[in-house]
Amino acid sequence: MSQAEIAPTAAPRARNPLWTFGILRSELTTTLRRWRTLALLGVLAAVPVLIGIAVRIETGDGSSPGPGGGGGGPAFLSQVTNNGLFLVFAALAVTLPVFLPMAVGVVAGDSVAGEANAGTLRYLLVAPAGRTRLLLTKYASVLVFCLVATLVVALSALVVGSLLFPVGEVTTISGTRIGFGEGLLRAGLIAVVVAASLTGFAAIGLFVSTLTGSGIAAMAATVGLLITVQIVDTIPQLSGAHPYLFPHYWMSYADLLRAPVYWDEVVKNLGLQGLYAAVFGSAAWARFTTKDITA
């Protein structure tokens with residue numbers, strides 16, 4: 001067989017879609033096997049355990065959870081003793097403002113900058129992946145981590161809640177009762193919505209990661225930005241800007257526990273996250289595709 005007959009078969013291999021899935025699989029494997037990632041997931045899994053044990057100890061004498069037995073504390077906490085499924089909603093309410101986004105910020109901030117700091121980014125670009133495909137793969141792996149991290153919290157809370165408290169029909173925020181099976185479906189939907197709520201912040205972390213060659217600096221900047229925006233979202237004098245801040249509608253997932261479901265703020269949240277993902281994803285692409293890669 002001649003050289004001319006062999007040559008045309010070599011070029012299309014670089015554009016084979018299976019190559020993209022191979023890169024994504026490799027990226028996911030690398031991300032989820034890192035000790036740092038496992039430690040983050042371990043901390044997230046421990047939060048529902050601590051909440052469940054604390055509520056169990058505090059309500060051992062029949063009182064309600066919260067200061068003075070008045071049912072204070074995070075959302076849904078007062079209902080945990082009556083139905084362990086509510087520990088899922090309470091754990092998400094505790095982890096969503098800080099723990100979940102901080103974990104996502106660490107993974108997203110390190111996605112590109114960490115490779116540059118380790119000196120492996122240039123070698124990744126030598127492969128026939130291209131900068132755009134590599135960046136999309138990095139973002140996709142961060143999104144998968146968002147879902148995995150959220151499910152870890154939800155599943156840990158479900159197991160602990162089932163072991164420590166009775167489970168059964170769920171009383172919605174509207175006061176109606178739904179079956180335990182439907183309650184589980186609502187919990188699954190809420191977990192997906194919570195994961196989707198982190199997509200905008202994940203895009204911000206990816207963009208920050210393209211700005212520096214230091215993984216630690218990118219992670220610190222991403223988490224610092226999260227804290228700053230969270231503070232701004234609590235200042236009444238800046239209420240006009242609140243609806244445009246990415247964490248403003250994060251707690252809207254509670255509306256999924258109404259009967260019927262109240263979708264307005266959930267849709268606003270998902271739309272806002274899509275806008276942030278588009279803007280900062282485009283900024284990350286513009287930066288990464290024109291960046292001089294030296295490491």
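For every chain, the first residue of the written sequence is number 1, and numbering continues from 1 onward in sequence order. Two thresholds apply to this predicted model, a pLDDT of at least 70 for residue-level local features and 80 or more for giving and counting side-chain atom pairs, whereas whole-chain, interface and lining totals are computed over all residues. To get the side-chain values, take all heavy atoms of the structure and skip hydrogens and water.

## Some remarks on the environment of S141
- Strands here are runs of E lasting at least two residues and helices are runs of H or I lasting at least four, both read from the DSSP assignment and numbered beginning at the N terminus. By the secondary structure assignment, S141 is in helix α7 (residues 131-164).
- With relative accessibility at 3%, the residue S141 sits in the buried group.
- Measuring from C-alpha to C-alpha, the distance between S141 and V107 comes to 9.2 Å, with 34 residues separating the pair along the chain.
- Of note is the side chain of S141, whose polar atom sits 2.6 Å from the backbone oxygen of K138. The buried label applies to any residue whose accessible area, calculated with a 1.4 Å probe on protein chains only, is under 20% of its type's maximum; exposed applies above 50%, and partly exposed to all values in between. We call two N or O atoms a polar contact when they sit within 3.5 Å, provided that within protein one can donate a hydrogen and the other can accept it, with sequence-adjacent residues counted only if both atoms are side-chain atoms.

## Some words on the pattern of salt bridges
- The salt bridge definition used is simple: a Lys or Arg side-chain nitrogen within 4 Å of an Asp or Glu carboxyl oxygen. Within this structure, the stated rule accounts for four salt bridges.
- The partner of R186 in a salt bridge is E182, with the nearest N and O atoms 3.2 Å apart. Of the two residues, R186 and E182 are both situated in helix α8 (residues 180-197); the distance of four residues between them amounts to about one turn of the helix.
- Ionic pairing is found between R258 and D255, a salt bridge with its closest N-O pair at 2.8 Å.
- The exposure class assigned to D255 is buried, which follows from its relative accessible area of 7%.

## So, the environment of A203
- Tracing the sequence through the fold places A203 in helix α9 (residues 199-209).
- By relative accessible area, which is 1% here, A203 ends up buried.
- Considered as a pair, A203 and V279 are 76 residues apart in the sequence and their alpha carbons are 8.4 Å apart.

## Regarding the packing of helix α4 (residues 86-95) against α7
- Axis lines are fitted through C-alpha atoms, for helices just across the contact stretch, and the angle between N-to-C directions can take any value from 0 to 180 degrees. Where α4 contacts α7, the two axes come as close as 8 Å, and the packing angle between them is 140°. Taken together, α4 and α7 sit at an angle that is classed as oblique. The handedness of the crossing between α4 and α7 comes out as right-handed. Two secondary-structure elements touch here, α4 through L87, V88, A91, L92 and T95 and α7 through T150, V153, A154, A157, L158, V160 and G161.
- In the scheme used here, Gly and all other residues not listed as nonpolar or charged are polar, with Ala, Val, Leu, Ile, Met, Phe, Trp, Tyr, Cys and Pro taken as nonpolar and Asp, Glu, Lys and Arg as charged. Broken down by class, the residue content of the contact of α4 with α7 amounts to nine nonpolar, three polar and no charged. The labels follow the angle: roughly parallel below 35 degrees, roughly antiparallel above 145, roughly perpendicular from 65 to 115, and oblique for the rest. We call a crossing left-handed when the near helix sits turned anticlockwise from the far one by less than a right angle, and right-handed when that turn is clockwise. In this analysis, two residues are considered to be in contact whenever any of their non-hydrogen atoms come within 4.5 Å of each other.

## A look at the packing of aromatic side chains
- Only centres within 6.5 Å qualify two rings of Phe, Tyr or Trp (six-membered ring in Trp) as a pair; their planes then separate them into stacked at under 30 degrees, edge-to-face at over 60, and tilted for everything else. Inspection of the entire model under this criterion finds six aromatic pairs.
- Taken together, a centroid distance of 5.4 Å and an interplanar angle of 20° make the contact between F201 and F246 stacked. Of this pair, F201 sits in helix α9 while F246 sits in the loop between α10 (215-232) and α11 (264-290), placing them 45 residues apart in sequence.
- For F246, a relative accessible area of 2% translates into the label buried.
- An aromatic cluster of at least three residues, connected via ring pairs, comprises F201, F207, F246, W250, Y276 and F280.

## Points about empty space enclosed by the protein
- In this analysis a 1.4 Å probe is tested at points of a 1 Å grid over the protein atoms alone, and where it fits but cannot get out there is a cavity; an open set with protein on both sides within 12 Å along at least five of seven lines is a pocket; lining residues have an atom within 4 Å of a point. Grid points are joined across faces, edges and corners, and a volume is the space filled by probe spheres set on the points. All told, the structure shown has one cavity of 30 Å³ or more when counted by the stated rule.
- When its volume is computed, the largest cavity comes out at roughly 50 Å³.
- Along its surface, the largest cavity is lined by E27, T31, R34, V107, D110, S111, K138, S141 and V142.
- Listed by contribution, the elements that provide at least two residues to the lining of the largest cavity are α2 (17-33), α5 (99-118) and α7.
- Tallied by class, residues from the lining of the largest cavity come to two nonpolar, three polar and four charged.

## Side note on a nonpolar patch on the surface
- On the surface, V43, V98, F99 and M102 cluster together into a nonpolar patch covering about 310 Å² of accessible area.
- Position of F99 relative to the elements: it lies in helix α5.
- Residue class for F99 comes out partly exposed when judged on its relative accessible area of 38%. To count toward a patch, a residue needs a relative accessible area over 30% and no salt bridge; like charges are then connected within 9 Å, while nonpolar side chains (Val, Leu, Ile, Met, Phe, Trp, Tyr) are connected within 5 Å. Each accessible area is a Shrake-Rupley result for a 1.4 Å probe, and residues are judged covered by the shown protein chains and nothing else.

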